[in-house]
Protein chains: 2
Amino acid sequence: MGDKRQEYTVTFLPTGRTSRVQAGTELLQAARKAGLHVNASCGGAGVCGKCRVVVEQGTVLGGKSEKISAAFYEQGYRQACSAQICEDVSVRIPEESSRRKGGLGTMVPKRHQARRHIFDIEELKQEGGWSPSVEKVCIELTTPAGHDNRADAGRLLQGLSGQYNRKCELKSLVFLRKLGKALRQDSFQATATLEVPVNLAARYRLLDIQPGYQCHRNFGLAFDIGTTTVYGVLIDLETGKFLAEASCYNPQMSYGEDVISRIIHAEKPKGLDVMQNLVTEAMNQLITEMLAKAQPETQAETQTKAALSNRLSGRMLDRLDQPPVARDEINSVSIAGNTTMTHLLLHLDPSSIRRAPYVPTSTFFPSFRAREINLDLSDTCASLVYPAISSYVGGDIVAGVMASGMYSSKQLTLFIDVGTNAEIVIGNRDWLACAACSAGPAFEGGGITHGIRAVEGAISDFSLNPETLEPMNITEGGKAPIGICGSGLLIIVATLFEHGVLNQSGKFNPLDHPRIREGRSGQEYVLAWQDECAADHDIVINEVDIENFIRAKGAIFAGITTVLQQVGLQVSDLERIILAGGFGSYIDLDSAMSVGLLPEVDPEKILYLGNGSLTGSWMCELSNHIRRDVVEVVRKMTSFELSEVPGFKDQYMASMFLPHTDLGLFPGIAQRVKKNKKE
Amino acid sequence: MGDKRQEYTVTFLPTGRTSRVQAGTELLQAARKAGLHVNASCGGAGVCGKCRVVVEQGTVLGGKSEKISAAFYEQGYRQACSAQICEDVSVRIPEESSRRKGGLGTMVPKRHQARRHIFDIEELKQEGGWSPSVEKVCIELTTPAGHDNRADAGRLLQGLSGQYNRKCELKSLVFLRKLGKALRQDSFQATATLEVPVNLAARYRLLDIQPGYQCHRNFGLAFDIGTTTVYGVLIDLETGKFLAEASCYNPQMSYGEDVISRIIHAEKPKGLDVMQNLVTEAMNQLITEMLAKAQPETQAETQTKAALSNRLSGRMLDRLDQPPVARDEINSVSIAGNTTMTHLLLHLDPSSIRRAPYVPTSTFFPSFRAREINLDLSDTCASLVYPAISSYVGGDIVAGVMASGMYSSKQLTLFIDVGTNAEIVIGNRDWLACAACSAGPAFEGGGITHGIRAVEGAISDFSLNPETLEPMNITEGGKAPIGICGSGLLIIVATLFEHGVLNQSGKFNPLDHPRIREGRSGQEYVLAWQDECAADHDIVINEVDIENFIRAKGAIFAGITTVLQQVGLQVSDLERIILAGGFGSYIDLDSAMSVGLLPEVDPEKILYLGNGSLTGSWMCELSNHIRRDVVEVVRKMTSFELSEVPGFKDQYMASMFLPHTDLGLFPGIAQRVKKNKKE
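Calculation rules
Residues numbered from 1 in each chain as written. Chains lettered and ligands numbered in written order. Predicted model: local features only at pLDDT ≥ 70, side-chain atom pairs only at ≥ 80, totals over all residues. Heavy atoms only, no water. Helix = DSSP H or I, 4+ residues; strand = E, 2+ residues; numbered from the N terminus. Buried < 20%, exposed > 50% of the residue type's maximum accessible area, 1.4 Å probe, protein only. Contact = heavy atoms within 4.5 Å. Lys, Arg positive; Asp, Glu negative; His and termini not counted. Charge placed at Lys NZ, Arg CZ, Asp CG, Glu CD. Pairing = 2+ DSSP bridges. Least-squares fit on C-alpha atoms with pLDDT ≥ 70 in both. Bend = angle between axes of the 7 residues up to and from the residue. Polar contact = N/O pair within 3.5 Å; in protein donor to acceptor, adjacent residues only side chain to side chain. Buried area = accessible area lost by both parts, 1.4 Å probe. Salt bridge = Lys/Arg side-chain N within 4 Å of Asp/Glu carboxyl O. Nonpolar A, V, L, I, M, F, W, Y, C, P; charged D, E, K, R; others polar.

The name given to chain A in an unreviewed UniProt entry is 2Fe-2S ferredoxin-type domain-containing protein, and the organism recorded there is Candidatus Electrothrix aarhusensis.

Rendered as structure tokens:
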């Protein structure tokens, strides 16, 4: 997954800094990656003409513009925003496109993205943790005779116990209804599908029975039901291989972007039906899509694996072939989502989630048949939904905690998922504590004058010429700017603050600059002029936007310090930070620390988990240990309702500054701010 | 249940024997009950005119006939077959209507019916065995608050654990879907419906939740699904009271009277669907009928009981009222039936049941929701079907064993249910063994020339004038005879044998008698002449009929001796016999011993259980101990496949005589036969 294109090295002069980027990357982004500023307020639309660079060695694709004369073009001038890398090149940033000479390295810190936290299936296998929640077992039973006319069910149970040491229970009429014919179709050679018990002392549960040898055909699905997006993965449970993945917007979006508006709609007559149908229809569509894409491993691969497995004797091998995955070969579904999404999916009343004191119907959910929630899967397919902790710390977070492995680590870890609400979990293998921080939608572009989601044209990266205070906007897809997305907002506020444009309270310092002006909501900085934009106005960031941003980051940081305080610790005790969610993958760590969103730690200690909810979900499919552990994790987790914790308000007030009132918590930032002030 | 009419005493002269009978009973039956013979071959139709008796004291209703002249009528002559008792009377049996004088008492034994085995609910309560499988619990939960915003489900579970010491589990989405609204409708005062675990260490399972206090409204259903008849009982699980009962023919009857023809039909395309629909439609009809009849106990009764119970506090009482039982207040259904009926009900493939080696799909059946088998009950209603032992020893027999209590008694007991097949269970609290005997349908009138079911006009009782060999037929409903039912057949064969008309091989002795003649199937005895019958032929019993009867009774007796032999015992070790099923209620014990159907024991040791399947079924509703015990009983039961047991064939051959080749097994009969021979 992920397009592994050729990478090339771009060397920037005069600094000599290099950047290693994929073929097709724009020069502007390559410079940004190297921590270098190139003036560019049009965000890569090729409009402002300020991002001219000179290609000195090698060639680039594109980069022509009417703002570059033929003579200059001949000399190697290109627009950095539209010139794409296709080989190793050396590029000079002319002084007019850059910041002043000297001290670049120290003034603009090299931006950090978190390292990816990888969950390794092979490692799981080696550690013996690979035990799918559903297994298939081929069995040869003795044929009934006069002296042995045990019933089919008893014969099967005794066979499974005797041949495979699987003590099973049979709880389903549906299973019994298939049993007689399935056993007789192939002379009492059959394949049983077993749900592996979470509790080691409990019995395996018989889910399905097929005639003949089918035990290499065992597939599972994992889903993350996000408020915005639904992700699915189709997994071969015998090999651990991902056969297909698919995603789509959560169609409930048409009833509002946040959980609250979904709940309000669900409270209307038939509203819950509508919400439930929408999400299951989306899941059914993804299932159809994945089945169309999927192809199990080749026969040869499977045979090798099957031979290693003790569940298939030699003489069964010659029966193998590998047709495409059929819908009724999916035996198990694991699902994670936030508490509201889970309630809507399971058709549970969500109305109390949105009203104080914020009580969900349930935080744990019994396993059920996929059909019970209208998933178009076999009537024997087992389903599991991740338990939640509270109304606002949901199964998606629990899944993320499972994916992060923090619950089994010695290291004191902060797990943080930033979305409309930020959820934090702090702890290690000994204890776990969590809280939901009402961050508001600022990180998703909400409450910000020109805030938008991370769509094409969203300013998602930014730097500032410290001398001219001219901006370098980088937009999603290299399009003319149309607004600011969450990661852009973070880096803009951090950069304006680091360069003294903003003070610690988030107000503009009195600077005389054409881009700084009085707007409708106090002072504002013009990121892009209207004629450089795909908008009918200048794109700005103003003091109210910044205040909203500070509230959001302050709520999160106060959540972290409050939870730590409750357990008698402080931020300096944190040994690791794990970022989950989409925002976590784009976040600039230095900016996050500069503004006081994250505690100041060595960026090497910060890992990015990606979609922890989806990862936790497929881990459940592949490892029954996870199902066992999750019960323990939920039991162990202490949930803090921040508004009920004395002291939270003080923490919140103290966090309403850039980066914080207590600069002692941010020694690195404090030093930079001090240095900037001196200059 | 049962019509308790006024009883009167009839004194018969010259013997002075008396009979205590209900008002409306015919004199003929009263005589029969006193062990007296009155010639009557028309069975009570008033046609043959042979049953004239003289009423000497008191009066009777009816008894007129054109065969009795006005003068004789004045003297008190009446037809015994049509004269009904309405007060105490003295009646003389004239010599021409009777047998010869003297020795009556010894020549015609007083017929015995088995005593009724009564299962006492009050006793069950006192012994602490009364614990319905579903209980309702009223609970007051604390209202959520900022400092206590546990989810509804967790709050409920903790409340049930804390307030009632009920450790519960929640396995149903349906339950969760109701929970939020149910709790909030009455300020977190609610009633939970709990399935009581069979295993004491297991958790209670939450089935349903209702707002407010509803814990006195708890109803259950018990069913016996017979091949011929479906019986249902509606029970108030809080008081143990039976609120209604209903029965109907099993509508599968239109596809054949026996299980084999039902299986054959079920094997056809859609055949199983048809069979399943027929029986569940019948059950649904009975449910509707019972709900229409039912009325729970009055408020006063319930309040007393409720106050005794610790599940209802004082202040809840004033809320009580007693509307009729609603369909969705039925929380539990227990069902018993033979293995084929159970398979058809649960939509399980029955095809192997009818083919050697006679393997059912399953002998145990998971509990399920009533809706899963299309019963028109609430979607939370729990259902349980009695486990079977084998294809031909079904859940009806297991239910009977539970109802008989033999599994917890010290006494070595023979349990026997005679129908198309006879099933026997032998054992006590230490061990249990069972077998199915292929008796064939003789006891249901099958394979007998003029055999019929016990409908109106069926000869069901019989005696013989030992001198004239003239018959006294008693028919169902006092109608002109149309055939012979099972209990009639038994008593006819026994009587003919006892009076030397038949020899030990079941052949007619060479007697010169107008009623004994050569027919189409060997020698035959004319029970009633055509002009006395409601048939277009004489009603006879012939040697082929008697051979079929002997085969049937021989199979049963051989089953008993074979099972006893397998465990190293003999018939003389039996301490008690329990008869189940319809046949058991009508069977004449002396006849059954005379022909060698039952072992010869003191008739006082023989009990009649009635519909053991239905009794076992409602015991399951009222006592969870039974559910626990049944698991143990099934585990403990050794099932013998008679055809596989060496020695069974010898036992069978030895039983093919009246009563048996080994007369040492029947000392009383042997003596009577010897005496008859001498005379």
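1. What to know about the overall build of chain A
The number of helices and strands found in chain A is 19 helices and 30 strands. When the backbone C-alpha atoms are referred to their principal axes, chain A occupies close to 100 × 60 × 50 Å. With 679 residues in all, chain A has 59% of them scored as buried. A separation threshold of at least 6 residues defines the contact pool for chain A, and within that pool the share at least 24 residues apart is 68%. Considering chain A, the positive charge centre built from 69 side chains and the negative charge centre built from 78 side chains are found 3 Å apart.

2. Considerations on the sheet that holds strand β29 (residues 606-610) of chain B
Residues and elements named next belong to chain B. Read from one edge of the open sheet, seven strands run β8-β29-β28-β19-β20-β21-β30, paired in mixed fashion. If you trace the sheet from one side to the other, it starts and ends with β8 (115-116) and β30 (637-640), each paired once. Here strand β19 (residues 413-418) runs beside strand β28 (residues 576-580); their pairing, made up of five bridges, is parallel. Counted as the bridge partner of leucine 414 is isoleucine 577 from β28.

3. Structural notes on the sheet that holds strand β24 (residues 483-484) of chain B
Residues and elements named next belong to chain B. Read from one edge to the other, the open sheet built from three strands follows the order β23-β22-β24, with strand pairing classed as mixed. Every interior strand has two partners, whereas the edge strands, β23 (471-475) and β24, have only one. In the sheet, strand β22 (residues 458-464) pairs with β24 via two bridges, with the strands oriented parallel. Within β24, the residue paired with alanine 458 across the bridge is glycine 483.

4. Quick notes on the relation of the copies chain B and chain A
Overlay of chain B on chain A (RMSD 0.2 Å): rotation 180°, translation along the axis 0.1 Å. In symmetry terms, the pair is related by a two-fold rotation axis. When each C-alpha of chain B is compared by its distance to the rotation axis, alanine 202 of chain B comes out closest, at 5.8 Å. When the interface residues of chain B are mapped onto chain A, 100% of them are again interface residues, pointing to one common binding face.

5. With respect to the pairing of strand β20 (residues 422-427) of chain B
Residues and elements named next belong to chain B. Among the six residues that make up β20, six are buried, leaving the element largely enclosed by the rest of the structure. On β20, burial covers both faces: Ala422, Ile424 and Ile426 on one face and Glu423, Val425 and Gly427 on the other are all buried. Pairing between β19 and β20: six bridges, direction antiparallel. Looking across to β20, one finds that phenylalanine 415 is bridged to valine 425. Between β19 and the antiparallel strand that follows it, β20, lie three residues. A loop of four residues connects β20 with strand β21 (residues 432-437), the two strands running antiparallel in sequence.

6. What to know about helix α6 (residues 173-185) of chain A
At leucine 179 of chain A, α6 of chain A shows its largest bend, some 40°. Buried within α6 of chain A we find Leu173, Phe175, Leu176, Leu179, Gly180, Ala182 and Leu183 of chain A. Buried positions along α6 of chain A lie against α5 (152-164), β11 (189-195) and β12 (204-211) of chain A together with β17 (368-369) of chain B. The N-cap residue of α6 of chain A is serine 172 of chain A: its side-chain oxygen and the backbone nitrogen of valine 174 of chain A are 3.2 Å apart. Following α6 of chain A by one or two positions, serine 187 of chain A adopts a phi angle in the positive range, close to 50°.

7. Considerations on the interface of chain B and chain A
With 42 residues of chain B at the interface, the matching set in chain A holds 42 residues. Surface buried jointly by chain B and chain A totals about 3,300 Å² across both partners, of which 61% is contributed by carbon and sulfur atoms. At the boundary of chain B and chain A, one finds two salt bridges. Run the count over chain B and chain A and you get 16 residue pairs in polar contact (both at pLDDT 80 or more). Looking at the side of chain B that touches chain A, the elements with two or more residues in it are α5 (152-164) and α6 (173-185) of chain B. Residue contributions to the side of chain B that touches chain A peak at seven residues, all from α6 of chain B. The class makeup of the residues in the side of chain B that touches chain A is 20 nonpolar, twelve polar and ten charged.

8. Observations concerning the pattern of salt bridges
All names here are of chain B. A full pass over the atoms with the stated rule returns 52 salt bridges over all chains. Of the charged contacts, one joins glutamate 329 and arginine 217 as a salt bridge, the two residues approaching to 2.7 Å between their closest N and O atoms. Linking glutamate 329 in the loop between α9 (299-308) and β16 (330-337) with arginine 217 in the loop between β12 (204-211) and β13 (219-225), this pair joins segments that are 112 residues apart in sequence. Looking at arginine 217, the relative accessible area reads 2%, which means it is buried. In this structure, arginine 327 engages aspartate 376 in a salt bridge whose closest nitrogen and oxygen atoms are separated by 3.6 Å.

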